[in-house]
Amino acid sequence: MNFSLIVESYEKLEATSGRIEMTELLASLVRQTPKGELTMLVYLTQGKLRPDYEGVELGVAEKLALRALATASGLSPEKVRKAYIVEGDIGSAAQKLLERSRQESLFSQRLTLKLVYDTLLKIAKTSGEGSIETKLRELVKLLNDATALEAKYILRTAMGVLRLGVADYTILDASALALLGGKSQRHALERAYNITSDLGYVVELAAREGLKGVEKVQVQLGKPIRPMLAERLESAEAILDKMGSEVAMEYKLDGERLQVHKRGDNVELFSRRLEKITHNYPDVVQYVREYVKATDAILEGEVVAVNTDTGEYLPFQELMHRRRKHGVDEAMKQYPVAVNFFELLFIKGDDYTNKPYSFRRKVLESVIGVTKVTRPVPAKRTRSVEEIEEYLEQAISEGCEGLVVKDPNALYRAGAREFSWIKLKREYRSELTDTIDLVIIGAFHGRGRRAGVYGTYLLAAYDNKRNIFPSVTKVGTGFTDQDLEKFPKILKEFETHVKPPNIESGLVPDIWYRPHMVIETIASEITLSPIHPAAMGSIRKGSGLALRFPKFTGKIRTDKSPEDVTTVSELVKMYKMQLKKVEAK
Ligand code: ATP
């Protein structure tokens, strides 16, 4: 398939904001794509090269993209840089510069989807000595064969700033329409996606085997399942009102979520964002081999750092030492961990996601050995507000964040944040009860003691309907001196001197960052704001939502991808919940 066909559709998609029109455009593109190339089309349209769990990063920094463009256009680096700043986007700069320097009709070799995809994948996978030069060479080769319009999308994709406004569920809708006869078949496709986390695979399957094939998809060992998430409510009373009579309460531990895939002695661990993190926890792998009484199983649990003398649980930050690139063995000795299992999703060939919680929990209890380092997470059934409150206090006194209250009849809804799991934390009178995870999109130079370093960061939430990161706040408190030194180093490769196209903000920081690093914040309240565009107009015309008195909690959420941060619709819900609380006082 010619790449030009794809970029023509991308142009149209970019110019459209209506969902129905977008879905139809995309459906038509899906129809035109040969079956064997659909996976590539889907990944590229998602702005990726492989499903997230394979951990393939696009890996072209701003500097490299600019060098490639200078070489391919034959213009000086200064000229290219200037065009980039003026245009405010690498893609538009490339299009402008190349349109001037080349005649489209001169092209003999047309770029194909396969060639573009394979080259980008090669660039992403190149590492080690000399890799920058190899990446540059490959990118220039592509640009040399590209039309100006193709170059626009190649560079945006390579830099990870493709902004088509196409969210995963628009791809699901479009594929259902193009391949399964209608949008109403989308739920089957969505379920298959949620349990395999691989949209490319699912769309190609739909093309090859139709609805029957998609419906047959089962949970598979080795393919991570998108995690079920919890809603929030402000009180035990509200939870019982929402869930009905009997509920199951579980401790909410403050650690890292693990999805464990066990096939005999072969154990793989996936993080909350579905990256393979087996290498961080060799001890957990061993515990699973020894204490999980099942040959084949998929489980979920929370891993927590423990003090082995007292058995006490330690804060989340302790676990982050496990993220070291080197010296995991040393970290393993210094920061021992325990695992509390809370889910069983697959066992002995059976998919358990379609069985109710109470059944899953019963079997979970029968397969997890209770040892110093493994156990099913403490849980208890109740019908009473008082008992929930007591259990919450007990959990907190044992070092937990709070409770997750679960509906005993609920199935495991992969990828969904619904009211069949509700988290409950202790109320603080002056602060929002829950923390808010946000992605860093910019930084401002500090003053006074902080002169010379970035002292304040600009943070964004995620608008999953539009696939955009709108700013919600600036944060300058809660950082230690070490944090302020460390952050710019982590963020270095994501710096850009123009606002990335998938970001929105009424503020202009001293430096922009492509969405990558996620941090946890706590704030006193959510307020209306004319400057921050998150949830613009959803509460009041002309106003977005912002955080008041935000503070960094000290947690860098390496376990979350930018798309996993608090969404604008969650902020709207939290804003409304907060109003209710004020009214109740
Ligand atoms: P948070 O910052 O509160 O962890 P989150 O977005 O990561 O938010 P939530 O859906 O809000 O996820 O809360 C569920 C998370 O709580 C899970 O991802 C898991 O890591 C953790 N957790 C701890 N104990 C449990 C439990 N018993 N059941 C389910 N999740 C638990």
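All figures in this text were calculated on a predicted structure; none of them were measured in a lab.

Caption draft 1: Molecular detail of empty space enclosed by the protein. Taken as a whole and assessed by the stated rule, the structure comprises five cavities of 30 Å³ or more. Approximately 550 Å³ is the volume attributed to the largest cavity. Along the wall of the largest cavity there are 33 residues; nearest its centre are Lys252, Arg257, Arg272, Glu302 and Glu401. Elements represented by at least two residues in the lining of the largest cavity include exactly β1 (229-232), β2 (247-252), β6 (337-347), β10 (402-406) and β11 (417-425). Among the elements that take part in the lining of the largest cavity, β11 stands out by supplying four residues, more than any other. Grouping the constituent residues of the lining of the largest cavity by class yields nine nonpolar, four polar and 20 charged. Shared between two domains, the lining of the largest cavity takes at least three residues from each, and those domains are domain 2 (229-418) and domain 3 (436-584). Space inside the second largest cavity adds up to approximately 60 Å³. Together, Arg232, Leu233, Lys423, Leu424, Lys425, Thr433, Asp434 and Met577 line the second largest cavity. Take the lining of the second largest cavity: its biggest share by element is three residues, from β11. Its residues placed into classes, the lining of the second largest cavity shows three nonpolar, one polar and four charged.

Caption draft 2: Looking closely at the packing of aromatic side chains. Applying the stated criterion across every chain, the model contains 13 aromatic pairs. Judged by centre distance (6.4 Å) and plane angle (85°), the rings of tyrosine 53 and phenylalanine 270 are edge-to-face. Of this pair, tyrosine 53 sits in the loop between α3 (38-45) and α4 (62-73) while phenylalanine 270 sits in strand β4 (residues 266-270), and the two are 217 residues apart along the sequence. Ring geometry for tyrosine 251 against tyrosine 391: centres 5.3 Å apart, planes inclined by 50°, an arrangement best described as tilted. Taken as a pair, tyrosine 251 in strand β2 and tyrosine 391 in helix α17 (residues 385-397) lie far apart in primary sequence, 140 residues in all. The exposure classification of tyrosine 251 matches that of tyrosine 391, with both residues buried.

Caption draft 3: Structural view of the environment of leucine 155. Structurally, leucine 155 is set in helix α9 (residues 148-159). Given a relative accessible area of 0%, leucine 155 falls into the buried group. Each C-alpha atom, one on leucine 155 and one on asparagine 266, is 40 Å from the other, the two residues being 111 residues apart in sequence. When neighbours within four sequence positions are excluded, leucine 155 is seen to be in contact with Ala65, Leu69, Ile90, Ala94, Leu139 and Leu143.

Caption draft 4: Seen up close, the nonpolar core. Ile90, Ile154 and Leu403 are the most contacted members of the largest nonpolar core, which totals 120 residues. Ranked by residue count, the leading element in this core is α9, at eight residues. Mapping this core onto the domain boundaries places at least three of its residues in each of domain 1 (48-159) and domain 2 (229-418). Apart from residues no more than four positions distant in its own chain, leucine 403 is found in contact with Met249, Glu250, Tyr251, Lys252, Ile388, Tyr391, Leu392, Ala395, Ile422, Lys423 and Leu424.

Caption draft 5: Spotlight on the site of the ligand. Near the ligand you find 20 residues, and of these Ala230, Arg257, Glu302, Lys423 and Lys560 are the closest. In the environment of the ligand, an oxygen atom lies 2.8 Å from a nitrogen or oxygen atom belonging to the side chain of arginine 257. The side chain of lysine 560 places a nitrogen or oxygen atom 2.8 Å from an oxygen atom of the ligand. Alone, the ligand offers 590 Å² of accessible surface; in the complex the protein occludes 96% of this. More than half of the atoms of the ligand fall within 2 Å of the grid points belonging to the largest cavity.

Caption draft 6: Spatial organisation of the packing of helix α7 (residues 113-125) against helix α8 (residues 131-145). Following both chains from N to C, one finds α7 and α8 inclined at 165°, their axes separated by 9 Å at the closest point. As judged from the angle between their axes, α7 and α8 are roughly antiparallel. Relative to α8, the crossing made by α7 is left-handed. Every residue of α8 that contacts α7 at Leu115, Val116, Thr119, Leu120, Lys122, Ile123 and Ala124 is listed here: Lys135, Glu138, Leu139 and Leu142. Looking at the contact of α7 with α8, its residues break down into seven nonpolar, one polar and three charged.

Thresholds applied
Residues numbered from 1 in each chain as written. Predicted model: local features only at pLDDT ≥ 70, side-chain atom pairs only at ≥ 80, totals over all residues. Heavy atoms only, no water. 1 Å grid on protein atoms, 1.4 Å probe; cavity = no way out; pocket = protein on both sides within 12 Å on 5 of 7 lines; lining within 4 Å. Points joined across faces, edges and corners; volume = space filled by probe spheres on them. Helix = DSSP H or I, 4+ residues; strand = E, 2+ residues; numbered from the N terminus. Nonpolar A, V, L, I, M, F, W, Y, C, P; charged D, E, K, R; others polar. Domains from an automatic or database assignment. Phe/Tyr/Trp six-rings, centres within 6.5 Å; stacked < 30°, edge-to-face > 60°. Buried < 20%, exposed > 50% of the residue type's maximum accessible area, 1.4 Å probe, protein only. Contact = heavy atoms within 4.5 Å. Core = buried A, V, L, I, M, F, W, Y, C linked by side-chain atoms within 4.5 Å. Near = heavy atom within 4 Å. Polar contact = N/O pair within 3.5 Å; in protein donor to acceptor, adjacent residues only side chain to side chain. Areas by Shrake-Rupley, 256 points an atom, 1.4 Å probe, with all protein chains shown as cover. Sits in = over half its atoms within 2 Å of the grid points. Axes fitted to C-alpha atoms, helices over the stretch in contact; angles between N-to-C directions. Parallel < 35°, antiparallel > 145°, perpendicular 65-115°, else oblique. Left-handed = near helix turned anticlockwise from the far one by under 90°.

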